[in-house]
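Now for the letters of each chain:
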Amino acid sequence: MTATAHRRIGVVAAAALSVLAATACTGPGPSAGSGAESDPAPAYSSYVALGDSFTAGPMIPPQVDPACARSGSNYPHAVAETLGVDDFRDVSCSSATTANLAGPQVVSSGATVAAQYEALTPDTELVTVGIGGNDIGLVALAGSCLALDRSSGRAAAPAGPLCATANVRGGVDLVDRAIDDFAPAYGAIVREIHDRAPRARILLVGYPTGIRDGGCYPDQPILPDDATYLQAKIDRLNAVMQQQADAAGVDYVDLRESTVGHDACQPAAQRWTEGLFPSQPAAPLHPNADGHRNAAEQVLVTIAD
């Protein structure tokens, strides 16, 4: 291993430890640090963040790109700041699918944003990717699980589960099939990034825990079986992402385990993923600022390994 490589690993490890130390001292929510003071040189000089709303951080202040509802406090910004990256490009965009990595995206305002892959260059050294939920209809699935009186917006229990049974036909779980059919797309993403940025270290970033097993009806308007079903699909998407990352020889960042006990059912001070009616600035059913700080920690720890 070269001296430069040893130095890079040391800087990243110190940065990750500084984040974890800050977390231990600042209470229940994670807190990204400002980097390693012992060595001012960045571990990576260029970093590109690709992804959907779980990367972009919609409604979390400050919003630095209204078209994509992208926050300046999302986990890519925290990672870039901690590592002291000089050339940082966050092109994550709410509602993005894998098609928007390679092609333009028309956002809700009607504006068109460039394909996310266009941010990559042969000099890019670090890439994080958090995507796939929109491809398999994860947010739409969550919406279909909500037990609500549509006129009042309040919890209203139906006779039985809404989504745990509706998505199973002829003994086939349609969501499972959609996830399994989508899985090879992660390998294709890695290959495309390698083609465009052959020097880059690539990390596929998973999705956090959304809701605990059995849910917490009526605090969150989703029945117990539906809550368990929904989280199982998030877990399945994470599992295929990890399998594809392993097969492609790139890193997978697990957000599932670190967010257990910080799901939408928890008290506001412990909640890193918001429920249908957010208690902190964040989009419904998405990570809040604490969730993004935790994601940054997990990315940094993975880089340091």
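Student: Just checking my understanding: could you explain the state of the cysteines for this structure?
Tutor: On inspection of all chains with the given rule, the structure shows three disulfides. One disulfide in the model links Cys145 with Cys163; its S-S distance is 1.9 Å. The S-S bond linking Cys145 to Cys163 shows a torsion near 105°; that makes this disulfide right-handed. Of this pair, Cys145 sits in helix α5 (residues 138–145) while Cys163 is found in helix α6 (residues 163–166), placing the two residues 18 residues apart along the sequence. Comparing Cys145 with Cys163 shows no difference in burial state: the two are buried. Along the protein, the cysteines that take part in disulfide bonds pair up as 1-2, 3-4, 5-6, counted in sequence order.

Student: Please explain the confidence of the model for the protein as it appears in this structure.
Tutor: In low-pLDDT segments, the atomic positions of the prediction should not be examined closely. Chain-level pLDDT for the protein is 88 on average; 85% of the residues reach the 70-or-more range. Between residues 32–41, whose pLDDT stays under 50, and residues either more than four places distant or in other chains, the model counts 18 contacts.

Student: Where do I start with empty space enclosed by the protein in this structure?
Tutor: Remark: the empty space left among the atoms is shown by a probe the size of a water molecule rolled over them. Across all of its chains, the model carries three cavities of 30 Å³ or more by this definition. The calculated volume of the largest cavity comes to roughly 280 Å³. Along its surface, the largest cavity is lined by 21 residues, and Ala142, Gly210, Leu230, Ile234 and Leu285 are the ones closest to its centre. Among the elements of the structure, α5 and α9 (224–248) are those that each provide at least two residues to the lining of the largest cavity. Considering each element in turn, the lining of the largest cavity owes the most residues, three residues, to α5. For the lining of the largest cavity, the residue count by class is 15 nonpolar, five polar and one charged.

Student: Explain the packing of aromatic side chains here, please?
Tutor: Two numbers describe a pair of aromatic rings. These are the distance of the centres and the angle of the planes. A complete count under the given rule lists three aromatic pairs for this structure. Geometrically, the ring pair formed by Phe182 and Tyr186 is edge-to-face, given 5.1 Å between the ring centres and 80° between the ring planes. By relative accessible area, which is 10% here, Phe182 ends up buried.

Student: Can you walk me through the packing of α5 against α9 in this structure?
Tutor: Each packed pair of helices is defined by two parameters, the angle between the axes and the distance between the axes. At a closest axis distance of 10 Å, the pairing of α5 and α9 adopts a crossing angle of 175°. Regarding the angle of α5 to α9, the classification is roughly antiparallel. In this structure, α5 uses Leu138, Leu141, Ala142 and Cys145 to contact α9, whose residues at the interface are Asp226, Tyr229, Leu230, Lys233 and Ile234. Looking at side-chain class alone, the contact of α5 with α9 contains seven nonpolar, no polar and two charged residues.

Student: What am I meant to see in the sheet that holds strand β11 (residues 251–253) here?
Tutor: Each strand in a sheet pairs with another by means of backbone hydrogen bonds, the pair being arranged parallel or else antiparallel. Taken in spatial order, the five strands line up as β4-β1-β7-β10-β11 in an open sheet, and their pairing is parallel. At either end of the open sheet lies a strand with only one pairing partner, and these are β4 (87–90) and β11. Strand-to-strand twist of the sheet, defined as the mean angle between neighbouring strand axes without regard to direction, takes the value 15°. Helix α8 (residues 184–196) contacts β1 (46–51), β7 (126–130) and β10 (201–205) of the sheet and is inclined by roughly 155° relative to β10.

Student: Explanation requested: the packing of helix α3 (residues 75–83) against helix α10 (residues 289–304) in the structure shown.
Tutor: The N-to-C vectors of α3 and α10 enclose an angle of 50°; their axes lie 8 Å apart at closest approach. With respect to α10, the axis of α3 lies oblique. Taken as a pair, α3 and α10 cross one another with a handedness that is right-handed. Residues Tyr75, Ala78, Val79, Thr82 and Leu83 of α3 lie in contact with α10, whose contacting residues are His292, Ala295, Ala296, Val299, Leu300 and Ile303. In terms of residue class, the contact of α3 with α10 is made up of nine nonpolar, two polar and no charged.

Student: Just checking my understanding: could you explain the side chain of Asp90 for this structure?
Tutor: Mapped onto the elements, Asp90 comes out in strand β4. For Asp90, a relative accessible area of 10% gives the class buried. Among the polar contacts listed, one links the side chain of Asp90 to the side chain of His77, at a separation of 3.5 Å. Within the local environment of Asp90, its side chain forms a polar contact with the side chain of Ser92, the two groups lying 2.7 Å apart. With residues up to four places along the chain from it excluded, the contact list for Asp90 reads Ala49, Arg70, Asn74, Pro76 and His77.

Criteria and cut-off values
Residues numbered from 1 in each chain as written. Predicted model: local features only at pLDDT ≥ 70, side-chain atom pairs only at ≥ 80, totals over all residues. Heavy atoms only, no water. Disulfide = S-S within 2.5 Å. Helix = DSSP H or I, 4+ residues; strand = E, 2+ residues; numbered from the N terminus. Buried < 20%, exposed > 50% of the residue type's maximum accessible area, 1.4 Å probe, protein only. pLDDT = per-residue confidence, 0-100. Contact = heavy atoms within 4.5 Å. 1 Å grid on protein atoms, 1.4 Å probe; cavity = no way out; pocket = protein on both sides within 12 Å on 5 of 7 lines; lining within 4 Å. Points joined across faces, edges and corners; volume = space filled by probe spheres on them. Nonpolar A, V, L, I, M, F, W, Y, C, P; charged D, E, K, R; others polar. Phe/Tyr/Trp six-rings, centres within 6.5 Å; stacked < 30°, edge-to-face > 60°. Axes fitted to C-alpha atoms, helices over the stretch in contact; angles between N-to-C directions. Parallel < 35°, antiparallel > 145°, perpendicular 65-115°, else oblique. Pairing = 2+ DSSP bridges. Left-handed = near helix turned anticlockwise from the far one by under 90°. Polar contact = N/O pair within 3.5 Å; in protein donor to acceptor, adjacent residues only side chain to side chain.

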